[in-house]
Amino acid sequence: MPLSFKVFTALCLSAVLAAPAGAELTSRNPYTRLVEVLRTGNWREAEQETRLLLLRSVGREEVGWLDVPAIQKLSCDDVRAVDRVWAAASAERLGFSAQKRLWQEISGEAGPPAAATFNANYDRFVERVGWRFGGEWVQDANLTFTTAAPAGHLSAIGRDGCFITFLTMLSRCGL
């Protein structure tokens, strides 16, 4: 069920106001555009905006994807703010914290992922969130950009780099 504008704005206010000091990614708060597109239910554009925000935060706009060193440099303030906006817009079904909860449910791990069991758990995770279907990877353009998306499906920015590093970063950031 879509949130009313008033409820959504109240839920997202803390994320919009939580811009890290000195994080002038735009002439206004860097999260404003993300809040706007999520408020309108434009999940595809929200995915693009999320990617842009995080790439800008580590200076990789030109490259267009996150590698292991870039994931390790992501600001926890940025990651948590982006996650709060996604969670508020989706009744906590989407966003990084939703992915972390699903990972914990599948793996039974509360902290960073264990290397020894990562591959088996990862296979179950990507099938569950809908990033892979029937053994085939879903291309970015074919992700589900609607409220019918499986829990944890978006934001799919974690698919960019080494997912074990991404999960470790989520743990480091308290998600």
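Up top you'll find the structure we're talking about.
Here the structure is a predicted model, which means the values were calculated and not measured.

1. Here's the deal with the packing of aromatic side chains
- For the structure on display, the rule yields twelve aromatic pairs.
- With a centroid separation of 6.3 Å and 65 degrees between ring planes, the pair formed by Trp103 and Phe163 is classed as edge-to-face. Taken as a pair, Trp103 in helix H6 (residues 96-107) and Phe163 in helix H8 (residues 163-172) lie far apart in primary sequence, 60 residues in all.
- For the pair Tyr122 and Phe163, a centre-to-centre distance of 5.4 Å together with 45 degrees between the ring planes defines the contact as tilted. With a gap of 41 residues between them, Tyr122 in helix H7 (residues 118-129) and Phe163 in helix H8 connect regions that are remote in the sequence. Residue Tyr122 shares its accessibility class with Phe163, and that shared class is buried.
- An aromatic cluster is built from Phe96, Trp103, Phe118, Tyr122, Phe125, Trp131, Trp137, Phe163 and Phe166, whose rings are joined through pairwise contacts.
- It is Arg132 that lies over the ring of Trp137; its NZ or CZ is 5.5 Å from the centre.

2. Side note on the nonpolar core
- Counting residues in each nonpolar core, the largest one holds 45 residues, and the members touching the most others are Leu34, Trp86, Phe125 and Phe163.
- When residues of this core are assigned to their parent elements, the largest contribution, seven residues, is made by helix H5 (residues 76-89).

3. Some remarks on helix H3 (residues 43-57)
- The terminal C-alpha atoms of H3, which comprises 15 residues, lie 21 Å apart, in line with the 21 Å expected from a rise of 1.5 Å per residue.
- Considered for burial, the residues of H3 that qualify are Trp43, Ala46, Glu47, Glu49, Thr50, Arg51, Leu53, Leu54 and Leu55.
- Where H3 is buried, its residues contact helix H2 (32-39), H5 and H6.
- Gly59 occupies a position one or two residues after H3 and carries a positive phi of about 65 degrees.

4. Observations concerning the environment of Asp78
- Note on placement: Asp78 falls in helix H5.
- Placed 24 residues apart in sequence, Asp78 and Leu54 show a C-alpha to C-alpha distance of 7.4 Å.

5. What to know about the environment of Tyr122
- Looking at Tyr122, the relative accessible area reads 16%, which means it is buried.
- Ignoring sequence-local partners within four residues, the contact set of Tyr122 consists of Trp103, Trp137 and Phe163.

6. A closer look at the side chain of Arg132
- Looking at the element boundaries, Arg132 is found in strand E1 (residues 132-133).
- Residue Arg132 is classed as buried on the basis of its relative accessible area of 14%.
- Engagement of the side chain of Arg132 in a polar contact is seen with the side chain of Glu127, the distance being 3.1 Å.
- What Arg132 contacts, discounting residues up to four positions off in sequence, is Asp123, Val126, Glu127, Trp137 and Val138.

So, how was this worked out
- Residues numbered from 1 in each chain as written.
- Predicted model: local features only at pLDDT ≥ 70, side-chain atom pairs only at ≥ 80, totals over all residues.
- Heavy atoms only, no water.
- Phe/Tyr/Trp six-rings, centres within 6.5 Å; stacked < 30°, edge-to-face > 60°.
- Helix = DSSP H or I, 4+ residues; strand = E, 2+ residues; numbered from the N terminus.
- Buried < 20%, exposed > 50% of the residue type's maximum accessible area, 1.4 Å probe, protein only.
- Lys NZ or Arg CZ within 6 Å of the ring centre and 35° of its normal.
- Core = buried A, V, L, I, M, F, W, Y, C linked by side-chain atoms within 4.5 Å.
- Expected span 1.5 Å × (residues − 1).
- Contact = heavy atoms within 4.5 Å.
- Polar contact = N/O pair within 3.5 Å; in protein donor to acceptor, adjacent residues only side chain to side chain.

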